[in-house]
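Analysis of the macromolecular model
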Amino acid sequence: MKKISIKKKTNQIRKSNKIIGLCHGVFDLIHYGHLKHFEAAKKKCDYLFVSITSDEYIKKGPMRPIHKNKERLKFLQSLKFIDYAFVANGESGVDSINLIKPDFYFKGSDYRNNKSDKTKKIYKEINALKINQGKIIYTNEKQMSSSKIINETSLALNDKQSKFINLIKKQNSYEEIIKFLNKLKSMNVMVIGDLIIDKYIFGDVIGKSGKEPHMVFNQNKEDMYIGGSGIIANHLSEFVKKIKLISDFGNRKSLKTLLKKNLKKNISHVALCPNRDYQSSIKTRFIDSVSKYKLFGSYTIPNLRLYKFYQLLNNAIIKNIKNQDVIIVADFSNNFFDLNALKKIKKSKKFICGMSQKNSNNSLFHTLSHLDYFDLICINEGELRSEVRDKTGNIELIAKKFLKKNNLKYLVVTQGINGSILIDSKLNKYSCPSFNSKPVDKVGGGDSMLAIISILLKNKINPSVALLIGSLIASNVVNNIGNKYSASKVEIDLSLEYIFK
C-alpha cells in the first residue's frame, strides 16, 4: 500500500470514529515481548498500524538486520493483533506519525525514560505526535531484547566474527571501551592532503548510438560528496574536539557551498589555492541506477607541482603543527606533498599517520617509501604487494618485513571482505574479520579506517579493539554510495552495546 492509499485508509477509519494506533520499530526478530506489546496496543485502538525501519536505516549492529524488509513485513502481517504493516520512510517513526496521524503511538516500557534512547529519535517522534494531536502510550510487556537473542545465538555473525568478538569480550568490557572513546574528545588532530570531490551521476544505459560506436546514457540524478582529506576529517568530527584540515581548494562557488554545507562544524579548513585558475580534484562516476554498478569514470586532476602551492603548504604546516596531537597525511597521489613538507611533519614528534593511494593516475609510479618513520600506515593489501613486488607471498610476513624496513610503529593492511590485519613494532599480529560481505561501494572504507584507528592507537587502546571499531565504521561507509556517510559516535556506541549483550 503506497502513501496515498494509506492516507485514504486512515481517513476512512477516522470517519467511522474509530481509534487509530501506531507502533514503529525494527522488529528484526519477533519475540514474546513484541507479541505482548502488539496485544496491549490493539486493546487500546480499533485499527493498529505497524511501520518498520527500512533496511538501509538500521544501525543496530554489524550484519543487521538479519531479516530484510519483505521478511519482516511478512511475519508482522501474519499476526492477528496487527491490521496493517508497512515500511516507513526515514530512520525514525516521524514520517509514519505524520502520514497516519494516530490517536495513540505505542512504545515499549524501555522507552519510558526518554533519556535512555541514545539516538534521541524518541524526542522527534513525541514532537511529531504533539503536532498531530496524538498521544504516546508506553506498554508494560515483558522486557526482552531481539539484539541479545540474535547475539547470543550468533544468528547475525559467522564463525570468524563470533570468535573475534568473544576474544574482545575477554579483554575489554563495553563500559571500558565507551569510557576510552569519551576520553578522545580533548584531542586535536590535523589532516593534511588532497581534497577530492566525488561526483556521482545516476542514470540508465539506453543503448548504442544510432550513428556512432558508443553507448548512450540517460542521466536522471546527480550527487556530490566530500572525499579525500575532507572525508577523513569528517570521520573524526564526532570523536575529537578540534580538527585542522589543510588541503588544496579551487575558487569554484558550487564547491564552496558544498563544503559549507557538509564539512563538520568543528573542522577548521585551511584552503590552499595556488592561483586564480586552480580547480579542485573532481572524480565523476557514472552509475547505473538499478544495479548501482559504476559504468565509467571521468576525473579532473589538478597540477599541484607548483612552487607557489608548496610554499603555501609548508607555511601552513609551520603555522598549525605545534598544537596538534595527531597528524594524518592523506596522500591521494596527486603530487600534494613535497619533501620539505614531509620533513617538517616527521620532525614534529607528533603521532604521525598516513596512507598513499594507488590509483589510475599513478599506477606505474606509486610508492610508499616517503611514509617511512611514521607511527602508523594504513594501506590495502594490493598497495602493499605492489610496493614490494610480491603477488603471492604470505601477507603477514610481507607486512612484518615492510614495517621493520620502514621503521613503523604500526601497519594496518585492509583486505576488503577478508577483513584487516594490524602489525605492531614488536611484530605482534592482530586480525579482524570484515563485518560487511556485500559492500554497496568500496570507496572510502580505507580512509575511515585510517581516521579512527589513528586516534585510537595514539591513546594506546587494545589493537584488537581499534581494528573492531575501525571495521565497524568502514562497514557503514561501504554500505553507502560514495562518501555519503561519515562516522557516528552514537552508532558505534549502539553497535558495541549490541556486540556486548
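Residues numbered from 1 in each chain as written. Predicted model: local features only at pLDDT ≥ 70, side-chain atom pairs only at ≥ 80, totals over all residues. Heavy atoms only, no water.

1. What to know about the overall build of the chain
Quick note on the threshold: Secondary structure follows DSSP: runs of H or I at least 4 residues long count as helices, runs of E at least 2 residues long count as strands, and numbering of each begins at the N terminus. As defined in this context, the radius of gyration uses C-alpha atoms, and a globule is described by 2.2 Å times the residue total to the power 0.38. Here, two residues are considered to be in contact whenever any of their heavy atoms come within 4.5 Å of each other. Using the Shrake-Rupley algorithm and a 1.4 Å probe, accessible areas are obtained, with residue cover drawn only from the displayed protein chains.
Of regular secondary structure, the chain possesses 17 helices and 18 strands. Here the C-alpha atoms of the chain give a radius of gyration of 25 Å, agreeing with the 23 Å that 2.2 N^0.38 yields for 501 residues. Put simply, of all contacts in the chain between residues at least 6 apart along the chain, 73% involve residues at least 24 apart. For the chain, the accessible surface area stands at approximately 24600 Å², while carbon and sulfur atoms represent 50% of it.

2. What about the environment of Tyr485?
Rule in force here: Burial classes follow relative accessibility: with a 1.4 Å probe on protein chains only, a residue under 20% of its type's maximum area counts as buried, one over 50% as exposed, and anything between as partly exposed. In protein, a polar contact means a hydrogen-donor-capable atom and an acceptor-capable atom, both N or O and within 3.5 Å, with residues adjacent in sequence counting only if both atoms are side-chain atoms; elsewhere, any N or O pair within 3.5 Å suffices.
As for its position among the elements, Tyr485 is in the loop between α16 (463-477) and α17 (489-499). Residue classification places Tyr485 among the buried positions, given a relative accessible area of 9%. As a C-alpha pair, Tyr485 and Tyr225 span 260 residues in sequence and 9.2 Å in three-dimensional space. Setting aside residues no more than four positions away along its own chain, Tyr485 makes contact with Lys59, Ile231, His235, Ile473, Asn476, Val477, Asn480 and Glu491. A polar atom in the side chain of Tyr485 sits 2.7 Å from the side chain of Glu491.

3. Concerning unusual backbone geometry
A positive phi angle, near 60 degrees, is found at Asn17, a position not held by glycine. Residue placement: Asn17 occurs in the loop between α1 (3-15) and β1 (20-25). By relative accessible area, Asn17 is classed as exposed at 70%. One non-glycine residue, Asn335, lies in positive phi territory at about 65 degrees. Turning to its location among the elements, Asn335 is positioned in the loop between β13 (326-331) and α12 (339-347).

4. Observations concerning the pairing of strand β5 (residues 135-138)
Note the following rule: Whether two strands pair depends on DSSP finding at least two bridges between them. A crossover gets the label right-handed when its path from the first strand over the helix to the second runs clockwise, viewed with the strands pointing away from the viewer.
Taken together, the 4 bridges between strand β4 (residues 104-107) and β5 define a ladder with parallel strand orientation. Bridged to Tyr105 within β5 is Ile136. For the crossover from β4 across helix α5 (residues 121-131) to β5, the handedness is right-handed.

5. Some points on the nonpolar core
The cut-off we apply is this: Put simply, a nonpolar core is a bunch of buried Ala, Val, Leu, Ile, Met, Phe, Trp, Tyr and Cys residues held in one set by side-chain atoms that sit within 4.5 Å of each other.
With 72 residues, the main nonpolar core has Leu181, Val191, Leu236, Ile328, Leu456, Ile469 and Leu496 as its most contacted residues. Of all the elements, α16 adds the most residues to this core, at 9 residues. Those residues within four positions of Val191 in sequence are excluded, and the remaining contacts are Ser229, Ile232, Ala233, Leu236, Ile243, Lys244, Leu245, Ile246 and Ile328. Core analysis: the second largest hydrophobic core is formed by 36 residues, Ile246, Ile321, Ile327 and Ala341 among them.

6. Observations regarding helix α9 (residues 229-236)
The element α9 is extensively covered by neighbouring structure, given that 8 of its 8 residues are classed as buried. Three or more residues of α9 are buried, namely Ser229, Gly230, Ile231, Ile232, Ala233, Asn234, His235 and Leu236.

7. A look at the pattern of salt bridges
Spelled out, the test is: The rule for a salt bridge is simple: a side-chain nitrogen of Lys or Arg has to be within 4 Å of a carboxyl oxygen of Asp or Glu.
This model, assessed by the stated rule, comprises 15 salt bridges. As a salt-bridge pair, Glu497 and Lys118 come within 3.4 Å of each other at their nearest N and O atoms. Here the residue Glu497 occupies a position in helix α17, and Lys118 occupies one in the loop between β4 and α5, the gap between them amounting to 379 residues. We classify Glu497 as partly exposed; its relative accessible area is 27%. In this structure, Lys409 engages Asp375 in a salt bridge whose closest nitrogen and oxygen atoms are separated by 3.3 Å. Taken as a pair, Lys409 in the loop between α14 (395-405) and β16 (410-414) and Asp375 in the loop between β14 (351-356) and β15 (376-380) lie far apart in primary sequence, 34 residues in all. Residue classification places Lys409 among the partly exposed residues on the basis of a relative accessible area of 44%.

8. Remarks on the side chain of Gln415
Checked against the element boundaries, Gln415 lands in the loop between β16 and β17 (420-424). By relative accessible area, Gln415 is classed as buried at 18%. Residues in contact with Gln415, not counting those within four places in the same chain, are Glu381, Ile395, Ser420 and Ile421.

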